[in-house]
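If you want the building blocks of each chain, they are given just below.
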Amino acid sequence: AKGTSTLPTIAAATKPTVTRVAAQQSQLTSDNSAAVRKWSDRGQQTMALLAQCPQATGQLRELVKSLENKDVEQVKKATNELGRLGSQSLATVPALRQLLQHADGLVRVNAALALTRIEGSTPQSTKTLIESLRDKDSGVRSYAAAVLAGLGPQVADAVPALSEALKDPNAYVRLHVAEILIRN
């Protein structure tokens, strides 16, 4: 009888832990469901990218498929290759424009760079580069500033954002921004 009287005490003491674990398990299940939906949407998005680029054939078609790879390094590699091909990649522009909204900042900057190499500086790619100057990742900010520096006088609309970026804590960002402002 002595052992049974402690059971209610143990149950009462562990109730907050059990409740917390149940809540965490519920959250994990919810997160997994979102991940499965995202993975499912990814396949549909790949089809959408290909559908947006009906003129992309051969190597260009394969590169568009690579733009939806789950490995960000592969996406950046494909984006760089499309940019390197320049105007030959014109058929892939709709897919590259989609990448301007990618979750990874470096992918967005790569896409903007590829687009400028294919079709010249556009308001959409310049806007992405300017927004990337405010990214939380200093590598993204620095890369965006370097790409903008390479564009030269085409980035006159970026001057207010560039002036603000002169205050960036990262020395490379400030260096690239100063380079742009001196050239213009």
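Residues numbered from 1 in each chain as written. Predicted model: local features only at pLDDT ≥ 70, side-chain atom pairs only at ≥ 80, totals over all residues. Heavy atoms only, no water.

**Side note on the overall build of the protein**
For the protein, the helix and strand inventory stands at nine helices and zero strands. In the protein, the succession of α and β elements from N to C terminus is α-α-α-α-α-α-α-α-α. Residue burial in the protein is summarised as follows: out of 184 residues, 37% are buried. Considering only intrachain contacts with a sequence separation of at least 6, the fraction spanning at least 24 residues in the protein is 56%. For the protein, the computed accessible surface area is about 10900 Å², with 56% contributed by carbon and sulfur atoms. (Helix = DSSP H or I, 4+ residues; strand = E, 2+ residues; numbered from the N terminus. Buried < 20%, exposed > 50% of the residue type's maximum accessible area, 1.4 Å probe, protein only. Contact = heavy atoms within 4.5 Å. Areas by Shrake-Rupley, 256 points an atom, 1.4 Å probe, with all protein chains shown as cover.)

**Topic: the environment of Ile 130**
With respect to the helices, strands and loops of the structure, Ile 130 is situated in helix H6 (residues 123-132). Each C-alpha atom, one on Ile 130 and one on Val 159, is 9.4 Å from the other, the two residues being 29 residues apart in sequence. If we ignore the near neighbours within four places in the chain, the residues touching Ile 130 are Asp 157, Ala 158 and Ala 161.

**Some points on the nonpolar core**
Leu 67, Leu 96, Leu 129 and Leu 148 are the most contacted members of the largest nonpolar core, which has 43 residues in total. Residue contributions to this core peak at eight residues, all from helix H5 (residues 105-119). Those residues in contact with Leu 67 that lie beyond four places of it in its chain are Leu 49, Val 75, Ala 78, Thr 79, Leu 82, Ala 95, Leu 96 and Leu 99. (Core = buried A, V, L, I, M, F, W, Y, C linked by side-chain atoms within 4.5 Å.)

**A look at the pattern of salt bridges**
With the rule as written, the count across this model stands at eight salt bridges. The residue Glu 62 makes a salt bridge to Lys 65 at a minimum N-O spacing of 3.5 Å. Within this pair, Glu 62 and its partner Lys 65 are both found in helix H2 (residues 58-66), separated by three residues, close to a single helical turn. The closest approach of N and O atoms between Asp 135 and Arg 108, which form a salt bridge, is 2.9 Å. (Salt bridge = Lys/Arg side-chain N within 4 Å of Asp/Glu carboxyl O.)

**A closer look at the packing of H2 against helix H3 (residues 72-85)**
Two numbers describe how H2 lies on H3: the axes approach to 8 Å, and their chain directions differ by 145°. For H2 against H3, the interelement crossing comes out left-handed. Between H2, through Gln 59, Leu 60, Leu 63 and Ser 66, and H3, the contact on the second element is made entirely by Gln 74, Val 75, Ala 78, Glu 81, Leu 82 and Leu 85. Of the residues contributing to the contact of H2 with H3, the split by class is six nonpolar, three polar and one charged. (Axes fitted to C-alpha atoms, helices over the stretch in contact; angles between N-to-C directions. Left-handed = near helix turned anticlockwise from the far one by under 90°. Nonpolar A, V, L, I, M, F, W, Y, C, P; charged D, E, K, R; others polar.)

**Some thoughts on the side chain of Lys 76**
Tracing the backbone through its elements, the reader meets Lys 76 in helix H3. In terms of polar contacts, Lys 76 uses its side chain to reach the side chain of Glu 73, at 2.9 Å. (Polar contact = N/O pair within 3.5 Å; in protein donor to acceptor, adjacent residues only side chain to side chain.)

**Regarding H6**
What H6 keeps buried is the set Ser 125, Thr 126, Thr 128, Leu 129, Ile 130 and Ser 132. The inward-facing, buried residues of H6 contact H5, helix H7 (138-151) and helix H8 (159-165).

**Focus on the environment of His 102**
Note that His 102 resides in the loop between helix H4 (93-99) and H5. C-alpha separation for the pair His 102 and Glu 68, spaced 34 residues apart in sequence, amounts to 10.0 Å. Those residues within four positions of His 102 in sequence are excluded, and the remaining contacts are Val 107 and Arg 108. A distance of 2.9 Å separates a polar atom in the side chain of His 102 from the backbone nitrogen of Asp 104.

**What about the environment of Val 159?**
Within the secondary structure, Val 159 is located in helix H8. Linking Val 159 and Val 177, residues 18 residues apart in sequence, is a C-alpha distance of 9.3 Å.

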